Amino acid sequence: MNKTACILTLGCRVNQYESDYIMQCLSKRGIKICSFEEKCDIYIINTCSVTAESDRKSRQFIRKCIKKNPEAIIIVTGCFSQINPEKANQIEGVSYVIGNNYKSKIADVVFSLLEKKAAPVCNFDIYNGKFDTMKVGAPLTRTRAFVKIEDGCDSKCAYCIIPYARGSVRSNPMANVIDEVKEIVKDGCCEVVLTGIETASYGKDFKDGTNLASLLYEVNKIDGLKRIRLGSLDPFNVDKYFVDAIKGLNKVMPHFHISMQSGCTKTLNAMRRKYNIDTAKECLSYLKSSFKDLMLSADIIVGFPGETDEDFEKTFEFLKSAEFLHLHIFPYSKREGTPAAAMKEQIPEELKKARLHKLEEMQKVTKIHLLEKFASENEQVEVLFESYDGEYATGHTPNFIEVKAKSDFALGGQFKSVRILNTDGEYIYGEIN
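Cut-off values and rules
Residues numbered from 1 in each chain as written. Predicted model: local features only at pLDDT ≥ 70, side-chain atom pairs only at ≥ 80, totals over all residues. Heavy atoms only, no water. Phe/Tyr/Trp six-rings, centres within 6.5 Å; stacked < 30°, edge-to-face > 60°. Helix = DSSP H or I, 4+ residues; strand = E, 2+ residues; numbered from the N terminus. Buried < 20%, exposed > 50% of the residue type's maximum accessible area, 1.4 Å probe, protein only. Lys NZ or Arg CZ within 6 Å of the ring centre and 35° of its normal. Expected span 1.5 Å × (residues − 1). Arc of directions from axis to C-beta. Contact = heavy atoms within 4.5 Å. Core = buried A, V, L, I, M, F, W, Y, C linked by side-chain atoms within 4.5 Å. Pairing = 2+ DSSP bridges. Axes fitted to C-alpha atoms, helices over the stretch in contact; angles between N-to-C directions. Left-handed = near helix turned anticlockwise from the far one by under 90°. Nonpolar A, V, L, I, M, F, W, Y, C, P; charged D, E, K, R; others polar.

**Student:** I would appreciate a short explanation of the packing of aromatic side chains in the present structure.
**Tutor:** Aromatic ring pairs: the centre-centre distance and the angle between the two ring planes describe each pair. Considering all chains together, one arrives at eight aromatic pairs under this definition. On the numbers, 5.4 Å between centres and 75 degrees between planes, the contact of phenylalanine 304 with tyrosine 332 is edge-to-face. Here phenylalanine 304 is found in the loop between strand 12 (295–302) and helix 12 (309–322), whereas its partner tyrosine 332 is found in the loop between strand 13 (326–331) and helix 13 (349–377), with 28 residues between them in sequence. For the pair phenylalanine 304 and tyrosine 332, a shared accessibility class is recorded, and that class is buried. Clustering of aromatic rings is evident, with ring pairs tying together Tyr159, Phe304 and Tyr332. The ring of phenylalanine 131 carries the charged tip of lysine 148 above its face, separated from the ring centre by 5.2 Å. For lysine 404, the ring lying beneath its charged end belongs to tyrosine 427, and the centroid distance is 4.7 Å.

Structure below.
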């Protein structure tokens, strides 16, 4: 069967992981995976719905695929299709719509449609308590592999639609995670990122006491694995117990992405987050005291309903003092069906943009300071190289600082000791020993 397929992915790392699995399933059954530039027989759009803009982009991608080949099989999956299956089905040219809990069946659906048979029933029950098991393995680049350990979220924050798109917390059994990481290492990849919708809630649905710390303890034992990273963590879950449990694990890297959202307690309360700013400060302080050369990144929402100038300034000052290496800053996006959408005192778009810009400018200065400090205190650093532009090989240090070094050839998947030369405020530049 000489058929071609293209998979377009929007949104988070979990979506990307699931798309990689779908690609593998199709490829194993003889479907050639192609890029969007080529005209394909099958298009699968793995959508996102985290913001209103994500919804718009999802619809735009669906229509682009239909226009590319009106005769193609068009399958829509992901968070947009989970929340709005009717809207996805109403787009003329869409062949099949699948929710988030049945992505592992997409290859079966494709072949049913190709053979003009009845497709498997894929309902939209996201609250059935089942983890949709997948196994992706090592990427072709042999650099950094993502492993989905958890799905769903129980937090129900006021602004977020994701719990309605992903359901309650569901964890991948530890034995499955260990087997997948071992296969990844066997295939030559030495760094894994354990990720999920609410990563720190791993094991919450188990009755045997398994949690993220106990999973990390076991993954850390795997021979040949050199680096372990984690997906986004909620400050509420990064308590002293968790940090004490993992700080002695030599493969857990000194970089954590914190789902902060705001630096103002009043705003955090309005968001229905589970922590206040004092709790967050304690969390970050204890992390920094527990990991040498620690670097942190964070997500921040500006312009949440009711956020005053004073509230924003508290966030600004907190972020300035916390010194994050990276900030992912988002203007608040109104999502129908969430409590925040009905809140009064919605912030004008221009004010959101102004606040976002102010944080971006502050963050540039912070990053320059952090890189200059790191360069002055370190002569050598270990780098896992990932990409190559013909002149510079680029990779990351254990604490996720990006390093460039001149090379005559690609070094993807290789660890090298690099002598630090300087920084331009965006990258560290070095010389390979």
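Now that the structure has been shown, we can carry on.
**Student:** I keep staring at helix 7 (residues 174–186) and nothing clicks. Help me out?
**Tutor:** For an α-helix, 3.6 residues make a turn, and residues three or four places apart therefore share a direction. Helix length check: helix 7 (13 residues) gives 18 Å between terminal C-alpha atoms against 18 Å at 1.5 Å per residue, within 8%. Of the residues making up helix 7, those classed as buried are Val177, Ile178, Glu180, Val181, Ile184 and Val185. An end-on view of helix 7 places all buried positions within 165 degrees of arc, on one side of the element. In this structure, helix 7 carries Ala175 and Lys186 as exposed residues pointing more than 90 degrees from its buried face. Each element contacted by the buried residues of helix 7 is listed here: helix 1 (13–28), strand 6 (144–148), strand 9 (191–195) and helix 8 (212–219). Trailing helix 7 by a residue or two, glycine 188 shows a phi angle of about 100 degrees, which is positive.

**Student:** Can you help me understand the side chain of glutamine 261 in this one?
**Tutor:** Tracing the backbone through its elements, the reader meets glutamine 261 in strand 11 (residues 255–261). What glutamine 261 contacts, discounting residues up to four positions off in sequence, is Tyr159, Met271, Arg273, Tyr275, Asp299, Ile300 and Ile301.

**Student:** Which parts of the structure should I look at to understand the nonpolar core?
**Tutor:** Side chains that are nonpolar tend, in soluble globular proteins, to be buried together. Of all hydrophobic cores here, the largest spans 57 residues; its most connected members are Leu194 and Phe256. Not counting residues within four places of it along the chain, the set of residues in contact with phenylalanine 256 comprises Leu230, Leu233, Ile246, Leu287, Phe291, Leu294, Met295, Leu296 and Ser297. Judged by nonpolar contacts, the second largest core, of 23 residues, contains Tyr17, Cys25, Ile98 and Ala107.

**Student:** What am I meant to see in the pairing of strand 6 here?
**Tutor:** Burial analysis of strand 6 places four of its five residues in the buried class, which makes it a mostly covered element. Sheet topology note: the strand 6/strand 9 ladder contains five bridges and is parallel. Looking across to strand 9, one finds that alanine 145 is bridged to valine 192.

**Student:** What am I meant to see in the packing of helix 7 against helix 8 here?
**Tutor:** Between two packed helices, both the angle of their axes relative to each other and the distance between the axes serve to describe the pair. Two elements in contact, helix 7 and helix 8, have axes separated by 10 Å at closest approach and are oriented at 35 degrees. Here helix 7 runs over helix 8; the crossing is right-handed. Along the contact surface, helix 7 presents Met174, Val177, Ile178 and Val181, while helix 8 presents Ser214, Leu215, Glu218 and Val219. The residue inventory of the contact of helix 7 with helix 8, partitioned by class, reads six nonpolar, one polar and one charged.

**Student:** It is not clear to me how the sheet that holds strand 10 (residues 227–230) should be interpreted in this structure. Could you clarify?
**Tutor:** Backbone hydrogen bonds hold the strands of a sheet together, and the pairing may be parallel or antiparallel. Here we have three strands laid out as an open sheet, ordered 6-9-10, and parallel in their pairing. Of all strands in the sheet, those with a lone pairing partner are strand 6 and strand 10, marking the two edges. Neighbour to neighbour, the strand axes of the sheet diverge by 25 degrees on average, direction disregarded. With respect to the sheet, helix 1 is in contact with strand 6 and strand 9, its orientation differing from that of strand 6 by roughly 95 degrees.

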